[in-house]
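Reading the structure
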Amino acid sequence: NESSDSLRFYVGLKSSPQARGIAGETFVDGKTRVVHFQRDGIADSNIYIPSSKGAPSYRSIICVAIVSDEATQESLGVLTLHSGSISTFDDKSTRTLIEALALRFSAVILSF
């Protein structure tokens, strides 16, 4: 339900009437977020902004900030992964692995 040509992200001021969503909040504060979805598309997070195209085809999502380095934590982007399983990202070791992957992406981004 979420094709790349219809997705929009907002990371502006919190006081704006426009909401940030999961990826936007992760970009701003650098916190890893895991959200689970019921079969009807209802998320267990009030940060999730439902798509106008209906329930997502995935059951869980993880958003991890891609930061310039571990010390400054300046956000360069967000790594977002989806899964058809509701518990894919629940294990701490899985989250740690994806956070390490996001840190490796920052090295690639900064090399350009």
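About the cut-offs
- Residues numbered from 1 in each chain as written.
- Predicted model: local features only at pLDDT ≥ 70, side-chain atom pairs only at ≥ 80, totals over all residues.
- Heavy atoms only, no water.
- Helix = DSSP H or I, 4+ residues; strand = E, 2+ residues; numbered from the N terminus.
- Buried < 20%, exposed > 50% of the residue type's maximum accessible area, 1.4 Å probe, protein only.
- Contact = heavy atoms within 4.5 Å.
- Areas by Shrake-Rupley, 256 points an atom, 1.4 Å probe, with all protein chains shown as cover.
- Salt bridge = Lys/Arg side-chain N within 4 Å of Asp/Glu carboxyl O.
- Phe/Tyr/Trp six-rings, centres within 6.5 Å; stacked < 30°, edge-to-face > 60°.
- Expected span 1.5 Å × (residues − 1).
- Pairing = 2+ DSSP bridges.
- Axes fitted to C-alpha atoms, helices over the stretch in contact; angles between N-to-C directions.

Thoughts on the overall build of the protein chain
- Broken down by element type, the protein chain carries two helices and three strands.
- Along the protein chain, helices and strands appear, N-terminal first, in the series α-β-β-β-α.
- Counting the 112 residues in the protein chain, one finds 31% classified as buried.
- The contacts of the protein chain with a sequence gap of at least 6 include a subset with a gap of at least 24, amounting to 50%.
- Accessible surface for the protein chain amounts to roughly 7000 Å². Of this, 56% is attributable to carbon and sulfur atoms.

A few points about the environment of Arg 104
- Here Arg 104 lies in helix α2 (residues 92-110).
- We classify Arg 104 as exposed; its relative accessible area is 53%.
- Note: C-alpha distance between Arg 104 and Asp 69 (35 residues apart in sequence) is 9.8 Å.

Digging into the pattern of salt bridges
- Following the criterion strictly, the structure yields two salt bridges and no others.
- Arg 20 serves as the salt-bridge partner of Glu 25, at 3.4 Å between the closest nitrogen and oxygen. You'll find Glu 25 and Arg 20 in the same group, each marked buried.
- One salt bridge in this structure joins Arg 33 and Asp 29, with 2.7 Å as the shortest N-O distance.
- Overall, the relative accessible area of 15% leaves Arg 33 in the buried class.

Side note on the packing of aromatic side chains
- Taken as a whole and assessed by the stated rule, the structure comprises two aromatic pairs.
- Here the aromatic rings of Phe 37 and Tyr 48 are separated by 4.8 Å at their centres, their planes lie at 75°, and the arrangement is edge-to-face. Taken together, the positions of Phe 37 in the loop between β1 (33-36) and β2 (60-67) and Tyr 48 in the loop between β1 and β2 put the pair 11 residues apart, joining distant regions of the chain. Neither Phe 37 nor Tyr 48 differs from the other in exposure class; each is buried.

With respect to α2
- Helix length check: α2 (19 residues) gives 27 Å between terminal C-alpha atoms against 27 Å at 1.5 Å per residue, within 8%.
- Elements in contact with the buried residues of α2: β2 and β3 (75-83).

A look at the sheet that holds β1
- One open sheet holds the three strands; their spatial order is β1-β2-β3, and the pairing between them is antiparallel. Bordering the open sheet on either side are β1 and β3, each of which pairs with just one other strand. The average undirected angle you get between the axes of adjacent strands in this sheet is 15°.
- Pairing of β2 with β3 involves eight bridges; the strand directions are antiparallel. By the bridge assignment for β3, Ile 66 is matched with Gly 77.
- Where α2 meets the sheet, it contacts β1, β2 and β3, and its direction lies at approximately 40° from that of β2.

In short, shape yes, function no, at least from these values alone.
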